[in-house]
Amino acid sequence: MTAYVIAHLQEAAPHPEIAEYIERISGTFEPYGGRFLVHATQHEVKEGSWPGHVVMIGFPGTAEARAWWDSPAYREIAPLRSRHIEGDIILVEGVPEGYDPTFTAKAMREAPPAG
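Here's a quick rundown of the structure. (Residues numbered from 1 in each chain as written. Predicted model: local features only at pLDDT ≥ 70, side-chain atom pairs only at ≥ 80, totals over all residues. Heavy atoms only, no water.)

## Considerations on the side chain of His 8
Tracing the sequence through the fold places His 8 in strand 1 (residues 3-9). A relative accessible area of 15% means that His 8 is categorised as buried. Polar contacts involving the side chain of His 8 include one to the side chain of Trp 50, which spans 3.1 Å. Beyond its immediate chain neighbours, meaning those up to four positions away, His 8 contacts Trp 50, Pro 51, His 53, Glu 86, Gly 87 and Asp 88. (Helix = DSSP H or I, 4+ residues; strand = E, 2+ residues; numbered from the N terminus. Buried < 20%, exposed > 50% of the residue type's maximum accessible area, 1.4 Å probe, protein only. Polar contact = N/O pair within 3.5 Å; in protein donor to acceptor, adjacent residues only side chain to side chain. Contact = heavy atoms within 4.5 Å.)

So this is what it looks like as structure tokens:
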């Protein structure tokens, strides 16, 4: 099942290490079937606040996403970003083909009340 690495990164001043990170990152995830889905694009906040930038990388599955994150190639360049940009990064599994959210709603209705 498809997996996604999603980053919510704060604004940062331009820095040569960030440019190097951007130049090298694609080469780290391509061997794992990863590709940018969102990068260097504008976003429109509809509710709440979301300062900063969104980056989203898609992978064929969770195993590939984890292997990329833990790979020596990515671990080598990660500090180029993390020294200069604060943010939150998550790995999330996608839903299967044909996913029906009404099953989730049904399970919620059938669950015992909290409290």
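## Overview of the nonpolar core
Ile 25, Ile 57, Phe 59, Trp 68 and Tyr 74 are the most contacted members of the largest nonpolar core, which totals 18 residues. Of all the secondary-structure elements, those providing two or more residues to this core are strand 1, helix 1 (16-29), strand 3 (53-59), helix 2 (62-70) and helix 3 (72-82). Those residues in contact with Ile 57 that lie beyond four places of it in its chain are Ala 3, Tyr 4, Val 5, Ile 25, Phe 29, Gly 34, Arg 35, Phe 36, Leu 37 and Trp 68. (Core = buried A, V, L, I, M, F, W, Y, C linked by side-chain atoms within 4.5 Å.)

## Topic: the packing of helix 1 against helix 3
Between helix 1 and helix 3, the shortest axis-to-axis distance is 8 Å and the interhelical angle comes to 155 degrees. Comparing the axis directions of helix 1 and helix 3 gives the class roughly antiparallel. Along this stretch, helix 1 crosses helix 3, giving a crossing that reads as left-handed. Listed contacts from helix 3 to Glu 17, Ile 18, Glu 20, Tyr 21, Arg 24, Ile 25 and Thr 28 of helix 1 are Ala 73, Tyr 74, Glu 76, Ile 77, Ala 78, Leu 80 and Arg 81. (Axes fitted to C-alpha atoms, helices over the stretch in contact; angles between N-to-C directions. Parallel < 35°, antiparallel > 145°, perpendicular 65-115°, else oblique. Left-handed = near helix turned anticlockwise from the far one by under 90°.)

## A look at the pattern of salt bridges
This model, assessed by the stated rule, comprises five salt bridges. For Arg 83, the salt bridge is made with Glu 17, and the minimal N-O distance between the two is 3.0 Å. Of this pair, Arg 83 sits in the loop between helix 3 and strand 4 (87-93) while Glu 17 sits in helix 1, placing them 66 residues apart in sequence. In this structure Arg 83 comes out as exposed when scored by relative accessible area, which is 51%. Lys 46 is the partner of Glu 44 in a salt bridge, and the nearest nitrogen-oxygen pair spans 2.5 Å. Through salt bridges with shared partners, one network takes in Glu 20, Arg 24 and Glu 76. (Salt bridge = Lys/Arg side-chain N within 4 Å of Asp/Glu carboxyl O.)

## Quick look at helix 3
Inspection of helix 3 places Tyr 74, Ile 77, Ala 78, Leu 80 and Arg 81 among the buried residues, and these make up the whole buried set. Around the axis of helix 3, the buried residues are gathered within 155 degrees of arc, so they sit on the same side. Exposed and oriented more than 90 degrees from the buried face of helix 3 are Pro 72 and Glu 76. Structurally, helix 3 contributes buried residues whose contacts are with strand 1, helix 1, helix 2 and strand 4. (Arc of directions from axis to C-beta.)

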